[in-house]
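Structural characterization, general
For reference, the chains in residue letters:
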Amino acid sequence: MRHVLPGTPASRGMALGRARLVRPSRYAVDNRPLAEDEVEAELEHLHRALDTARQELRELRGKLHGALAREVNEFIDAHSLLLDDAELLRGLDDLVRIGHYRAGAALKKQRDRLAAVFEAMDDPYLRSRKEDIDQVIARVVSALQRHTTPEERKIAARVGEILIADTIAPADMAQLAGNGLLGAVTSSGSAYSHSAILARSLGLPMLVGARDALSLLHDDDLILLDADRGEAIVHPTAQDLARYRAWQREAAAEGRRLATLANAATRTRDDVAIRLLANAETPADVALARTRGADGVGLYRTEFLFLRHKGLPSEDEQFNAYRDLVLGMGGLPVTIRTLDLGADKADAAGLVMRGEDNPALGVRGVRLSLRYPAVFTTQIRAILRAACYGPVRVLVPMVTQPDELIAVRTLFKLARQDLKRENIDLPEKLPLGAMIEVPAAAINVRSLLEHADFLAIGTNDLAQYVLAADRGNDALDNIYTPLQPAMLRLLSHVIGAGRRAKKPVSLCGEIGGDVNFTAMLLALGLTEFSMHPSQLLLVRDRLATLDHAMLRGHSARLLRATTHERVAEMLAQLAY
Ligand code: PEP
Ligand code: MG
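It should be emphasised that the depicted structure is a prediction, and the values quoted were computed from it without experimental measurement. (Residues numbered from 1 in each chain as written. Chains lettered and ligands numbered in written order. Predicted model: local features only at pLDDT ≥ 70, side-chain atom pairs only at ≥ 80, totals over all residues. Heavy atoms only, no water.)

**What to know about the coordination of the magnesium ion (ligand 2)**
For the record, the criterion: Coordinating donors are taken as N, O and S atoms within 2.8 Å of the metal, stretched to 3.2 Å for Na, K and Ca; because water is absent from the atoms, sites can appear incomplete. A run of H or I in DSSP becomes a helix once it reaches four residues, and a run of E becomes a strand once it reaches two; helices and strands are each numbered from the N terminus.
For the magnesium ion (ligand 2), every protein donor is listed as Glu437 (OE) and Asp461 (OD), and the spread of their distances is 2.1 to 2.2 Å. With Glu437 in the loop between strand E13 (432-436) and helix H18 (439-443) and Asp461 in helix H20 (residues 459-466), this residue pair connects regions lying 24 residues apart in the sequence.

Structure representation (structure tokens):
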């Protein structure tokens, strides 16, 4: 039966695919006892699900080749053995037949019993095999809950997968995207999380805050993900599919219209020039930034290099990535941000402190880099070497006070001296900038301007710290909005201070590429916007409709607004 699951759009677009659920290990079960006349049907249901699970494992084995096959086959063997374990099967049958348990409840009971046996074992390896039980039982439970029709299974077999999970870690998202993921739906999370940013950067539609996703969806359900409307349609009808085809045609046509703007200058309606920069991490982002006519790269998040890597990337590996970025931009300025790990960006190499009570308020960004001078210096050397290939600026994340910038400058100076001794040619000057994402840095921005050559405002974090609202927590959507008057006043303060100090100020948070905020940012005096390259043409298109002088003229009034609802109303009047 068709049903619609609402959620919050985090990355635009549509996708048709089959659901792949990643469940937390607890799942809801129906504990109502069976009536006597339901027992046989329930046993049949259970055995069908067990057969499906066995069949899936056989198919999985057939699909694997090479080294991966050797590793994974071991698990498949263990899982297959469990599925044929006489004791497990007898226990399940007895629970249904004698105890009148429903199949799901019987599976859970057997899981808990076996898990307790494994947990009591002394051998840590055997203890860890509890995971196998969980995975096997989860596979049977998911087979039990599947409601796809044969026709849907035929379509589903031809389409890729849409991930359904509670939340997705950025590293998992990157890895899955490389394996043909079509889109994602999460039951919690927010549009400002790093996973959402990554989804936009990868062009994957994503819905967050779809609360009932894990309880209502089943593996292999056919899903039409409509991240423009903010819904996932389960078992879409022919009408839904026709709408999807129409969307595909429209998206192609809109793409062609916007493409005509790729080489156009970025100007407001009253002919004020605006600089549009790209937030670019991958070579594909860089290529897109060029073809969409970006004026440079305003934010290169180097941590993605670390997140994709098993250990720490070496100096040469980093140098290659940074040099390719600089070369890829063909002489346009590139802003490389130093490592910003911590909070929701945990690395594989174990740099990030474990067990902090408040990681978002902990040792992250430049605070972390300065604790590991050797790791930081490796990055600094790689950046300095790459800067020989084109104009590079260095951006420091999570700056709170000037001494952090001074310490980074010192490390650059030392690395420069070492490289000179090694006879490596270096550019004379490398502008050093501060991200403004900590409230103290925004309020006391003048102290940073004494040491920074430029500023980049990171509104994603700034908003979370100003509003004391986790950027990844969808329960706080009504608080976490950049339209909050306190945010407007801080932005205006920082942009004004930069202008008076004659130092460039850009904004690279998500609102920089969101056309709903373009008028507000122009009104506050912003002239450099940095965004994911997929947004460049949309923002250029929007800017051409906005009157800079008129918006600037209203900024004082906008700054006097006392609620975010009032700001939204005023902007709606101003922008149209
Ligand atoms: C920000 O905080 O706005 C920002 C651009 O940095 P990130 O999203 O990588 O934390
Ligand atoms: Mg940030």
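Structure's up, so let's keep going.
**Considering helix H3 (residues 86-97)**
Heads up, the rule is: Multiplying 1.5 Å by the residue count of a helix minus one yields the expected span of that helix. Only protein chains enter the accessibility calculation, which uses a 1.4 Å probe. A residue is then buried if its area is under 20% of the maximum for its type, exposed if over 50%, and partly exposed in between.
Across its twelve residues, H3 extends 16 Å between first and last C-alpha, which sits within 8% of the 16 Å expected from 1.5 Å per residue. All of the buried residues along H3 are Leu88, Gly91, Leu92, Asp93, Leu95 and Val96.

**Observations regarding empty space enclosed by the protein**
Basically, it comes down to this: Here a cavity means grid points, on a 1 Å grid over the protein atoms only, where a 1.4 Å probe fits yet cannot get out; a pocket means an open set of points with protein on both sides within 12 Å along at least five of seven lines; lining residues are those with an atom within 4 Å of a point. Grid points are joined across faces, edges and corners, and a volume is the space filled by probe spheres set on the points. Basically, the charged four are Asp, Glu, Lys and Arg, the nonpolar ten are Ala, Val, Leu, Ile, Met, Phe, Trp, Tyr, Cys and Pro, and anything else, Gly included, counts as polar.
If you walk through the whole model with that rule in mind, you get two cavities of 30 Å³ or more. What the largest cavity holds in volume is close to 80 Å³. Together, 14 residues line the largest cavity, and Arg301, Arg337, Glu437, Asn460 and Asp461 are the ones closest to its centre. If you list the elements that add at least two residues to the lining of the largest cavity, you get strand E10 (297-301) and H20. Estimated volume of the second largest cavity: approximately 40 Å³. Lining the second largest cavity are Leu339, Leu351, Leu368, Ser369, Tyr372, Val375 and Phe376. Looking at the lining of the second largest cavity, the elements that each hand over two or more residues are helix H15 (366-371) and helix H16 (373-386). When grouped by side-chain class, the residues that make up the lining of the second largest cavity number six nonpolar, one polar and no charged.

**Brief notes about the environment of Gly296**
Inclusion rule: In what follows, residue pairs with any heavy atoms lying within 4.5 Å of each other are defined as contacts.
By the secondary structure assignment, Gly296 is in the loop between helix H12 (283-291) and E10. Relative accessible area serves as the criterion here: at 0%, Gly296 is assigned to the buried category. For the pair formed by Gly296 and Leu277, sequence separation is 19 residues and the distance between their alpha carbons is 5.0 Å. Look past the residues within four positions of Gly296 in its chain and what remains in contact with it is Leu276, Leu277, Ala278, Met329, Leu332 and Pro333.

**Overview of the site of ligand 1**
Note the following rule: Throughout this document, a residue counts as near a molecule or strand when at least one of its heavy atoms sits within 4 Å of that molecule or strand. By the criterion applied in these results, polar contacts are pairs of N or O atoms within 3.5 Å in which, for protein atoms, one can donate a hydrogen and the other can accept it, and in which residues neighboring in sequence qualify only through two side-chain atoms. What sets the accessible areas is the Shrake-Rupley method with a 1.4 Å probe; for residues, cover comes only from the shown protein chains. Any molecule with more than half of its atoms within 2 Å of a cavity's or pocket's grid points is regarded as sitting in that cavity or pocket.
Around ligand 1, 16 residues are found, and the nearest of them are Arg301, Arg337, Gly458, Asn460 and Arg471. In this structure, Gly458 approaches ligand 1 through a main-chain N or O atom, which is 3.4 Å from an oxygen atom. Burial of ligand 1 by the protein chains amounts to 100% of its free accessible area of 290 Å². According to the grid-proximity analysis, the pocket containing ligand 1 is the largest cavity. For the shell around ligand 1, the element with the highest residue contribution is H20, accounting for three residues. Taken together, the residues that form the shell around ligand 1 break down as four nonpolar, five polar and seven charged.

**A word on the nonpolar core**
For clarity, the threshold we go by: Nonpolar cores are built from buried Ala, Val, Leu, Ile, Met, Phe, Trp, Tyr and Cys residues. Side-chain atoms within 4.5 Å join them into one set.
Within the largest apolar cluster, 114 residues are counted, with the highest numbers of intra-cluster contacts made by Tyr322, Ile436, Leu455, Ile457 and Met520. Not counting residues up to four positions away in its chain, the partners in contact with Tyr322 are Tyr300, Thr302, Leu305, Phe306, Ile336, Gln379, Ala382, Ile383 and Ala386. By size, the runner-up hydrophobic cluster in this structure holds 27 residues, among which are Leu50, Ala53, Leu92 and Val141.

**Quick notes on the pattern of salt bridges**
Any two side chains of opposite charge can pair, given that their charged atoms come close. The test is simple: The rule for a salt bridge is simple: a side-chain nitrogen of Lys or Arg has to be within 4 Å of a carboxyl oxygen of Asp or Glu.
Following the criterion strictly, the structure yields 39 salt bridges and no others. For the salt bridge of Glu44 with Arg48, the shortest nitrogen-to-oxygen distance reads 3.7 Å. Within this pair, Glu44 and its partner Arg48 are both found in helix H1 (residues 39-63), separated by four residues, close to a single helical turn. Taken as a pair, Glu44 and Arg48 share a single burial class, namely exposed.

**A short note on the sheet that holds strand E6 (residues 206-208)**
Condition: We treat two strands as partners when DSSP finds at least two bridges between them. Angular values range over 0 to 180 degrees, each being the angle between N-to-C directions of two axes fitted as lines to C-alpha atoms, with helices fitted over their stretch in contact.
Spatially, eight strands are ordered E1-E8-E7-E3-E4-E5-E6-E2 in an open sheet, and the strand pairing comes out mixed. Among the strands making up the open sheet, the edge pair consists of strand E1 (3-6) and strand E2 (8-11). In this sheet, neighbouring strand axes are inclined to one another by 30° on average, regardless of whether the strands run parallel or antiparallel. Bridge count for strand E7 (residues 222-226) against strand E8 (residues 231-234) is four bridges, and the pairing is antiparallel.

**Focus on the pairing of E7**
Most of E7 sits out of view: five of its five residues are buried. Neither face of E7 is left uncovered, since the one carrying Leu222, Leu224 and Asp226 and the one carrying Ile223 and Leu225 both have all their residues buried. Across five bridges, the pairing between strand E3 (residues 14-22) and E7 is antiparallel. Looking at E7, one finds that Ala15 is bridged to Leu225. Here E7 folds back onto E8, and the loop between the two strands holds four residues, one of which, Gly230, carries a positive phi near 85°.

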